[in-house]
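# Residue-level structure breakdown
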Amino acid sequence: MLSTALIVFREILEAALIISIVLAATKAVPKRSWWVSLGVVGGIIGACLVAFFADVISSWASGMGQDVFNASVMFIAVVMLTWHSVWMSKHGREMAHQLNQVADAISSGSRPLTGLAIVVGVAVIREGSEAVLFLYGIAAGESGQLSQMIVGGLLGLAGGIAVGVAMYLGLLQIAAHKLFGVTNVLIMLLAAGMASQGAGFLVSADFLPTLGDTVWDSSWLLSDSSVIGKMLHTLVGYTAQPEGIQIIFYVVTLGAILTLTRISQHSEKSDVSPKHVHKQNA
Amino acid sequence: MSKTVTRRIALVGALFLSGSAPLWAADAVLTLTLKDHKFSPAEPTIPANTRVKVTIKNLDPTPAEFESHQFKAERLIPGGKEASLFIGPLKPGKYQFNDEYHEDVSKTYLIVK
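Described below are features of the structure shown in this document. If you're wondering where the values come from, they're calculated on a predicted model, not measured in any experiment.

If you tally the helices and strands in chain A, you get nine helices and zero strands. Counting helices and strands in the order they occur from the N terminus, chain A gives α-α-α-α-α-α-α-α-α. Put simply, 82% of the contacts in chain A that link residues at least 6 apart link residues at least 24 apart.

In structure tokens form, the structure reads like this:
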């Protein structure tokens, strides 16, 4: 039962952390609960479908379908997180300064929420499908363990959600005007970490070269399989023994997001300032 | 949509899915079986500095997840099925791997020489 709880906990942890960051990042955005819930529900349905068709997915791309699928899921999330960062760099400051006057941001605010709902959805699909398969495996194959499995599964689920809630409440302790800055950094690191994980999947499918199988080894300090290692893996893309290509994907993604947000901030200055003048006059 | 375009998409799709020629061909293969959540051979050996194609045959009725943090592997294998992935090139050493769903029973090592 405890091992079931631990395995389910580990699968849920990653999705729970991502959801907590998304919720904190969109604190001031109206209707965000609806979008995040949509992502979670869609993700759960998707996770069951993926678990059910695991065999079919495996057989794609001459047996490398799982990697191609996982990498695609990761890169979709990276694109959506980049979009969010760029959008926030344009509108985040206004939102932080006028938390109560975001009514006009509703229509535009729901746009990056589509992206974040997709991020939540794909995180739930990937982690949830493994939990579903695992629980199904016990239910189908190991008779007499069903009740233990249900209790263990629920314990693991509760544990994962508890960490997510703790992370969310922790982020809310940050002063409102700094919250967007902090969550933006978290989202950039999340995206870079996901890009490097995606590269790792393409390496196992043999679609990318490793460019060095272990560039450094910090497993003596913090192992990937420990709970802290796993959390840092999700949050900042920590890997104890990274491949060269993973580091390249990490750095390039981070650089690309930073560049894109800078560009959009500069374009904002010329767009927005006349509008403010206009508002003051009116 | 014209027939040619449809056909071209189908062709590209077929090429992608068949994709039987990987960009970096493996120099060695390793076949593992899983029975009662235990890997066999128990401590397989592969050559160092070589890209290896690993195939895992799951003889149990339940799904397994072949996993190693040390040589970066993660592969779901449904019950009664087999799955493959590429690992390496690895430096000589001992690398732990397991079936994540039955970690205690399945934990073992890959020997690279």
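This brings us to the side chain of His-102 of chain B. All names here are of chain B. Positionally, His-102 belongs in the loop between strand E8 (93-99) and helix H2 (103-106). Judged by its relative accessible area of 12%, His-102 falls in the buried class. Within the local environment of His-102, its side chain forms a polar contact with the side chain of His-37, the two groups lying 3.3 Å apart.

Bringing the nonpolar core into the picture now. Among the nonpolar cores identified, the biggest contains 43 residues, and Ile-18, Ile-21, Leu-81, Val-119, Met-167, Leu-171 and Met-194 of chain A are the most heavily contacted of them. Taken together, the elements giving at least two residues each to this core come down to helix H1 (2-25), helix H4 (65-97), helix H5 (105-141), helix H6 (146-172), helix H7 (176-204) and helix H9 (244-281) of chain A. If we ignore the near neighbours within four places in the chain, the residues touching Met-194 of chain A are Ile-18, Met-74, Ala-77, Val-78 and Leu-81 of chain A. The next biggest cluster of nonpolar side chains, apart from the first, holds 23 residues, and it includes Leu-32, Leu-34, Ile-56 and Phe-71 of chain B.

A separate point is unusual backbone geometry. A cis amide bond, omega 0 degrees, links Ser-40 of chain B with the succeeding residue Pro-41 of chain B. With respect to the helices, strands and loops of the structure, Pro-41 of chain B is situated in the loop between strand E2 (38-40) and strand E3 (45-46). In this model, Gly-88 of chain B is joined to Pro-89 of chain B through a cis peptide bond whose omega is 0 degrees. Mapped onto the secondary structure, Pro-89 of chain B falls in the loop between strand E7 (82-87) and E8. The phi angle at Ser-62 of chain A is positive, at roughly 45 degrees, despite the residue not being glycine. For Ser-62 of chain A, the location among the structural elements is in helix H3 (residues 54-63). Relative accessible area serves as the criterion here: at 37%, Ser-62 of chain A is assigned to the partly exposed category. In the Ramachandran plot, Asp-206 of chain A falls in the positive-phi region, its phi being about 70 degrees despite a non-glycine side chain. For Asp-206 of chain A, a relative accessible area of 0% puts it in the buried group.

Counted under the stated rule, the structure contains 10 aromatic pairs over all chains. Geometrically, the ring pair formed by Phe-52 of chain A and Phe-53 of chain A is edge-to-face, given 5.1 Å between the ring centres and 90 degrees between the ring planes. Looking at Phe-52 of chain A, the relative accessible area reads 67%, which means it is exposed. Cluster of aromatic residues (ring-pair linked, three or more members): Phe-39, Phe-66, Phe-71, Tyr-95 and Phe-97 of chain B. In this structure, Lys-94 of chain B packs its charged tip against the face of Tyr-109 of chain B, placed 4.6 Å from the ring centre.

A word on the packing of H1 of chain A against helix H8 (residues 227-236) of chain A. Two quantities define a packed helix pair, namely the angle between the axes and the distance from one axis to the other. All names here are of chain A. Viewed as axis vectors pointing N to C, H1 and H8 meet at an angle of 40 degrees, and their least axial separation amounts to 10 Å. If you check the angle between H1 and H8, you find them oblique. Like other packed secondary-structure pairs, H1 and H8 cross with a definite hand, here right-handed. For the pair H1 and H8, the contacting residues are Phe-9, Arg-10, Leu-13, Glu-14, Leu-17, Ile-18 and Ile-21 in the first and Val-227, Lys-230, Met-231, His-233, Thr-234 and Leu-235 in the second.

Glancing now at H8 of chain A. All names here are of chain A. The complete set of buried residues in H8 reads Gly-229, Lys-230, His-233, Thr-234 and Leu-235. On the buried face of H8, the contacting elements are H1, H6 and H7. Positive backbone phi, at 80 degrees, marks Gly-237, one or two positions downstream of H8.

Time to look at the pattern of salt bridges. Enumeration according to the criterion identifies eight salt bridges over all chains in this entry. A salt bridge links Arg-126 of chain A to Glu-130 of chain A; the shortest N-O distance between them is 3.5 Å. You can see Arg-126 of chain A and its partner Glu-130 of chain A sitting in helix H5, four residues apart, about one turn around the helix. For Arg-126 of chain A, a relative accessible area of 5% gives the class buried. Given a relative accessible area of 5%, Glu-130 of chain A falls into the buried group. The partner of Arg-126 of chain A in a salt bridge is Glu-74 of chain B, with the nearest N and O atoms 3.5 Å apart. Note that Arg-126 of chain A is positioned in helix H5 and Glu-74 of chain B in strand E6 (residues 73-77), a pairing that runs across two chains. Taken together, the shared-partner salt bridges connect Arg-126, Glu-127 and Glu-130 of chain A together with Glu-74 of chain B into one network.

So, how was this worked out
- Residues numbered from 1 in each chain as written.
- Chains lettered and ligands numbered in written order.
- Predicted model: local features only at pLDDT ≥ 70, side-chain atom pairs only at ≥ 80, totals over all residues.
- Heavy atoms only, no water.
- Helix = DSSP H or I, 4+ residues; strand = E, 2+ residues; numbered from the N terminus.
- Contact = heavy atoms within 4.5 Å.
- Buried < 20%, exposed > 50% of the residue type's maximum accessible area, 1.4 Å probe, protein only.
- Polar contact = N/O pair within 3.5 Å; in protein donor to acceptor, adjacent residues only side chain to side chain.
- Core = buried A, V, L, I, M, F, W, Y, C linked by side-chain atoms within 4.5 Å.
- Phe/Tyr/Trp six-rings, centres within 6.5 Å; stacked < 30°, edge-to-face > 60°.
- Lys NZ or Arg CZ within 6 Å of the ring centre and 35° of its normal.
- Axes fitted to C-alpha atoms, helices over the stretch in contact; angles between N-to-C directions.
- Parallel < 35°, antiparallel > 145°, perpendicular 65-115°, else oblique.
- Left-handed = near helix turned anticlockwise from the far one by under 90°.
- Salt bridge = Lys/Arg side-chain N within 4 Å of Asp/Glu carboxyl O.

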